[in-house]
Amino acid sequence: MDTEDHSDFELVDKRQLMQSSLVATARVFFVACLGIYVAKRNLVKTNDLKALSNLVEHLLLPCLIFTNFITTLDLTDWKFWLPCMLVSLLIILTGGGLGYLFSEFLVRNPRVRYIIMASCAFGHATSIQLYLVQSLSYLLDLIPSTYETSSLNRGIAYIMIVTLVNNLFRWSVGKKFIEYSKDNQVATQDAQAAQTSSTPQSAERSTTKSLKGFFNPPIIAALISVVICMIPPLKAYLADPTKFIHRAFFVPVQLTGRSLTPVIIIILGCSLGHGQLDTSRLDK
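In this text, all values refer to a predicted model and were calculated from it rather than measured experimentally. (Residues numbered from 1 in each chain as written. Predicted model: local features only at pLDDT ≥ 70, side-chain atom pairs only at ≥ 80, totals over all residues. Heavy atoms only, no water.)

Colleague: Can you tell me about the overall build of the protein chain, naming the residues and giving the values?
Modeller: Across its full length, the protein chain carries 12 helices and 0 strands. Going from N to C terminus, the protein chain has its helices and strands arranged as α-α-α-α-α-α-α-α-α-α-α-α. In the protein chain, which comprises 284 residues, the proportion classed as buried is 35%. Taking the contacts inside the protein chain whose residues are at least 6 apart along the sequence as the reference set, 80% of them involve residues at least 24 apart. With the model as given, the accessible surface of the protein chain reaches about 17300 Å², and the carbon-plus-sulfur share is 65%. (Helix = DSSP H or I, 4+ residues; strand = E, 2+ residues; numbered from the N terminus. Buried < 20%, exposed > 50% of the residue type's maximum accessible area, 1.4 Å probe, protein only. Contact = heavy atoms within 4.5 Å. Areas by Shrake-Rupley, 256 points an atom, 1.4 Å probe, with all protein chains shown as cover.)

Colleague: Kindly report on the nonpolar core, identifying the contributing residues and their values.
Modeller: Membership of the largest hydrophobic core comes to 36 residues, with the highest contact counts inside it found for Phe69, Ile70, Leu130, Met160 and Leu260. For this core, the secondary-structure elements that each account for two or more residues are helix 1 (2-40), helix 2 (46-72), helix 3 (78-106), helix 5 (126-140), helix 6 (151-180), helix 9 (217-229), helix 11 (244-258) and helix 12 (260-274). Residues contacting Met160, with those up to four places away along its chain left out, are Leu61, Leu64, Ile65, Asn68, Phe69, Thr126 and Leu130. Ranked by size, the runner-up nonpolar core spans 6 residues in total, among them Ile92, Met117, Phe122 and Phe177. (Core = buried A, V, L, I, M, F, W, Y, C linked by side-chain atoms within 4.5 Å.)

Colleague: Would you mind going over helix 11 in detail, with residue names and values included?
Modeller: For helix 11, which comprises 15 residues, the first-to-last C-alpha distance of 21 Å matches the rise-based estimate of 21 Å (1.5 Å per residue) to within 8%. The largest bend in helix 11 is about 35 degrees, located at Phe250, with the proline Pro252 one to four residues further on. Three or more residues of helix 11 are buried, namely His246, Phe250, Val253, Gln254 and Gly257. Looking at the buried positions of helix 11, the neighbouring elements they touch are helix 2, helix 10 (232-239) and helix 12. (Expected span 1.5 Å × (residues − 1). Bend = angle between axes of the 7 residues up to and from the residue.)

Colleague: Outline the packing of aromatic side chains, listing residues and values.
Modeller: Enumeration over the complete set of coordinates arrives at 2 aromatic pairs. Judged by centre distance (6.4 Å) and plane angle (70 degrees), the ring pair of Phe66 and Phe249 falls under edge-to-face. Here Phe66, found in helix 2, pairs with Phe249, found in helix 11; they are 183 residues apart in sequence, far enough to count as distant. In this structure an aromatic cluster arises from ring pairing among Phe66, Phe249 and Phe250. (Phe/Tyr/Trp six-rings, centres within 6.5 Å; stacked < 30°, edge-to-face > 60°.)

Colleague: Give a description of the environment of Leu43 that names residues and reports values.
Modeller: As for its position among the elements, Leu43 is in the loop between helix 1 and helix 2. Once the C-alpha coordinates of Leu43 and Cys270 are considered, the two residues, 227 residues apart in sequence, prove to be 9.7 Å apart. Those residues within four positions of Leu43 in sequence are excluded, and the remaining contacts are Val38 and Asp48.

Colleague: How would you explain unusual backbone geometry if you had to name every residue and give the values?
Modeller: In the Ramachandran plot, Asn42 falls in the positive-phi region, its phi being about 60 degrees despite a non-glycine side chain. Assignment of secondary structure puts Asn42 in the loop between helix 1 and helix 2. Given a relative accessible area of 42%, Asn42 falls into the partly exposed group.

Colleague: Lay out the packing of helix 2 against helix 9 with the relevant residues and their values.
Modeller: Any two packed helices are characterised by how steeply their axes cross, that is the angle between the axes, and by the distance between the axes. Closest axis-to-axis distance for the helix 2/helix 9 pair is 8 Å, and the angle between their directions is 20 degrees. By the criterion of interaxial angle, the relationship of helix 2 to helix 9 is roughly parallel. Judged by the twist between their axes, the crossing of helix 2 over helix 9 is right-handed. Of the residues in helix 9, those in contact with Glu57, His58, Leu61, Pro62, Ile65, Phe66, Phe69 and Ile70 of helix 2 are Pro217, Pro218, Ala221, Ala222, Ile224, Ser225, Val226, Ile228 and Cys229. Its residues placed into classes, the contact of helix 2 with helix 9 shows 14 nonpolar, 2 polar and 1 charged. (Axes fitted to C-alpha atoms, helices over the stretch in contact; angles between N-to-C directions. Parallel < 35°, antiparallel > 145°, perpendicular 65-115°, else oblique. Left-handed = near helix turned anticlockwise from the far one by under 90°. Nonpolar A, V, L, I, M, F, W, Y, C, P; charged D, E, K, R; others polar.)

Colleague: Tell me about the pattern of salt bridges, and please be specific about residues and values.
Modeller: On inspection of all chains with the given rule, the structure shows 1 salt bridge. Across the pair Glu104 and Arg113 runs a salt bridge, and its minimum N-O distance is 3.9 Å. Of the residues examined, Arg113 reaches a relative accessible area of 24% and is grouped as partly exposed. (Salt bridge = Lys/Arg side-chain N within 4 Å of Asp/Glu carboxyl O.)

Colleague: Kindly report on the confidence of the model for the protein chain, identifying the contributing residues and their values.
Modeller: Looking at the protein chain as a whole, the pLDDT averages 76, with 75% of positions reaching at least 70. In the model of the protein chain, helix 7 (residues 184-196) stands out as the element of lowest mean pLDDT, 48, in contrast to helix 11, which has the highest, 93. Low confidence marks residues 194-198, where pLDDT is under 50. Its contacts with residues over four positions away, or in another chain, come to 1 contact. The low-confidence segment residues 278-284, where pLDDT is below 50, has 22 contacts with residues more than four positions distant or belonging to other chains. (pLDDT = per-residue confidence, 0-100.)

Colleague: Help me get a handle on a nonpolar patch on the surface, residues and values and all.
Modeller: On the surface, Leu98, Tyr100, Leu101, Phe102, Phe105 and Leu106 cluster together into a nonpolar patch covering about 690 Å² of accessible area. As for its position among the elements, Tyr100 is in helix 3. (Patch = residues over 30% accessible without salt bridge, like charges linked within 9 Å, V, L, I, M, F, W, Y side chains within 5 Å.)

Take a look at the structure:
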């Protein structure tokens, strides 16, 4: 009898898990449909998509990373953050390796090879993962855990750590892949233009541009939050709900970051509605 009850319980859990996964997928589809509707009504024009993407990159995603790391990340608990980094590295290496094998045997154009490798190694969809975590959080809270934070906050922290590692490699290795994928004619023209320009100034501008591209707002927010986490009194002061700075500063920043997921899906829907799908900036 106990065995039957246990199997029934497991069956119910599996059904709930499947249902929650379908709910997460349905949420993404529904919000994307809202974005398509907004685009078809011309409430958001094509030129507005770049501004919305900049809003995501420069405000919403940094706010989410900052507040989530402050409330969840514990640098002394290496079992929490180290596996996420290792899994993210494994995904990048596996995807890049599979992309290399695929392009080596099936693609002749060197330019396309690097694009395929970059796409396989750095394919990432933060918004879908966030929706999935939000849908499954109430089930995950039923599992006994030694963590004091909720499964939702832990799940978001896992995703942000993976996103951080992914962005670090995307803006270094991935950027090199894209540069290598340029046409030889374009590369030759760039080299000739670089030779005709003043060497010290052009090199300095190129270095400054590369640093700005690498240290984008999400990376900066992650680094700042990690530094704060290295100072336990400061971290505890910011996360204390009884403190004025928490209520006046931290909570508004947290609420701003929580709007990231629906905004990204709406941008995706608008891109589909306008027939111009460009998601290169959505998951930076």
